[in-house]
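Structural description and commentary
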Amino acid sequence: MEILKTILKRFLKENVIESKQKLSDSAYRLCIKSEAIKSVDFVPGYFLRVGVGITDEGLSMKDFVRSYSVWNIDQTNGTIDLAIATQGNGPGANWAKQRKTGDTVYFRWKKGKFLIENSADSYLLIGDLSALAHLYMIRRNLTKEKQVESILYSQHKNELYADIDGSRPFDFYEMPQNPTGEIISKIKEIVPTMTGRKMVYIGGDSRVCVALNNYFRKELHWEANQIKTKPFWNPDKKGLE
Ligand SMILES: Cc1cc2nc3c(=O)[nH]c(=O)nc-3n(C[C@H](O)[C@H](O)[C@H](O)COP(=O)(O)OP(=O)(O)OC[C@H]3O[C@@H](n4cnc5c(N)ncnc54)[C@H](O)[C@@H]3O)c2cc1C
């Protein structure tokens, strides 16, 4: 395992936690600083593969790395903010709980496809606590004239934290896990109010991503390029990329 840690340290970038804050009962903010952040060619929607197993002892291979979206970036000061939900209670959650100001963090950048796209006129953003930071980043980077609707849910509404600037631009709902039926009822109310070319972002629970992707394609007949989904976690798997 020490060999793996040495190899991972070589591939992942080394950074320092500048500050840590509890956002709600189930989420932490970590502000990470490094010179390299100043020169990253950043696109909103990028995420990090964080080597949680490098600093936490006793983790198996599959628990070595977890993905976290960039919630905010300040390239003048060389900082990024992550918002980490702890509901999974796994290695990622424990890593976030235990981190302190001054600790070293190892990560590598990932681009993916769950990125900002300004080609539509109206947007619907749907997700749970794990996807909230990512969807805040997307919303802040949509041009001002866009219509933005939202369905952000959690089992306890007070777990859903405000955006980095203290604003609360999303509609928050208290819903059970995997609430596809409830979300579809809301979609039926919202979609008729959306104007021009429409686009939906769906992030978080993989079951919700799959069910809603089917709903938009098969029931609402949206084109594939109007639907952006990214499963962040799956009840039968650990640490999705
Ligand atoms: C592209 C991408 C970006 C991501 N960005 C973020 C982010 O910005 N913030 C963030 O908090 N997470 C994010 N995630 C999810 C994150 O990578 C971890 O999967 C999550 O933190 C759980 O890790 P864990 O080690 O605590 O639990 P794991 O060991 O992965 O899982 C333990 C158990 O908990 C369940 N579980 C995991 N997450 C949840 C949950 N949210 N609610 C209920 N049960 C859960 C799992 O199904 C599993 O049964 C992202 C994932 C991807 C793929």
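Bear in mind that the values here come from a model prediction, so they are computed numbers and not experimental data.

Notes on the overall build of the protein chain
Counting secondary structure elements, the protein chain contains 6 helices and 12 strands. Over its C-alpha atoms, taken along the principal directions, the protein chain stretches across nearly 55 × 40 × 30 Å. For the protein chain, with 241 residues in total, the buried portion stands at 38%.

Some words on the nonpolar core
Grouped together as the largest cluster of nonpolar side chains are 59 residues, with contacts concentrated most on Leu82, Ile84, Ile126 and Leu132. Those residues within four positions of Leu132 in sequence are excluded, and the remaining contacts are Ala83, Gly127, Leu152, Leu160 and Tyr161.

As for helix H3 (residues 91-98)
If you check which residues of H3 are buried, you get Pro91, Gly92, Trp95 and Ala96. All buried residues of H3 lie within an arc of 135° about the axis, which places them on one face of the element. On its buried face, H3 is in contact with strand S2 (27-33), helix H2 (52-55), strand S4 (66-69) and strand S6 (79-85).

Some remarks on unusual backbone geometry
One non-glycine residue, Asn89, adopts positive backbone phi at about 55°. Among the structural elements, Asn89 can be located in the loop between S6 and H3. One non-glycine residue, His221, lies in positive phi territory at about 60°. Following the sequence through the fold, His221 ends up in the loop between helix H6 (206-219) and strand S12 (227-233).

Some details on the site of the ligand
Near the ligand lie 29 residues; those nearest to it are Ala85, Gly88, Gly90, Gly92 and Trp233. Counting only elements with at least two residues in the shell around the ligand, the list comes to S4, S6, H3, helix H4 (132-140) and S12. In terms of residues, the shell around the ligand owes the most to one element, S4, which gives 4 residues. Classifying every residue of the shell around the ligand gives 13 nonpolar, 12 polar and 4 charged.

Details of the environment of Asp103
Tracing the sequence through the fold places Asp103 in the loop between H3 and strand S7 (104-110). Each C-alpha atom, one on Asp103 and one on Ile126, is 33 Å from the other, the two residues being 23 residues apart in sequence. With residues near it in sequence (within four places) discarded, Asp103 still touches Ile17 and Thr55.

Focus on the domain arrangement of the protein chain
The domains assigned to the protein chain are domain 1 (2-110) and domain 2 (122-233). Of note, the centres of domain 1 and domain 2, computed from C-alpha atoms alone, are 25 Å apart. Tallying the contact residues gives 17 residues for domain 1 and 14 residues for domain 2. Going through the elements one at a time, strand S1 (13-24) and S6 are the ones with two or more residues in the side of domain 1 that touches domain 2. A per-element tally of the side of domain 1 that touches domain 2 places S6 first, with 4 residues. Split by residue class, the side of domain 1 that touches domain 2 holds 8 nonpolar, 7 polar and 2 charged.

The rules behind these values
Residues numbered from 1 in each chain as written. Predicted model: local features only at pLDDT ≥ 70, side-chain atom pairs only at ≥ 80, totals over all residues. Helix = DSSP H or I, 4+ residues; strand = E, 2+ residues; numbered from the N terminus. Buried ≥ 20, exposed ≤ 12 C-beta atoms within 10 Å, placed from the backbone. Core = buried A, V, L, I, M, F, W, Y, C linked by C-beta atoms within 7 Å. Contact = placed C-beta atoms within 7 Å. Arc of directions from axis to C-beta. Near = placed C-beta within 6 Å. Nonpolar A, V, L, I, M, F, W, Y, C, P; charged D, E, K, R; others polar. Domains from an automatic or database assignment.

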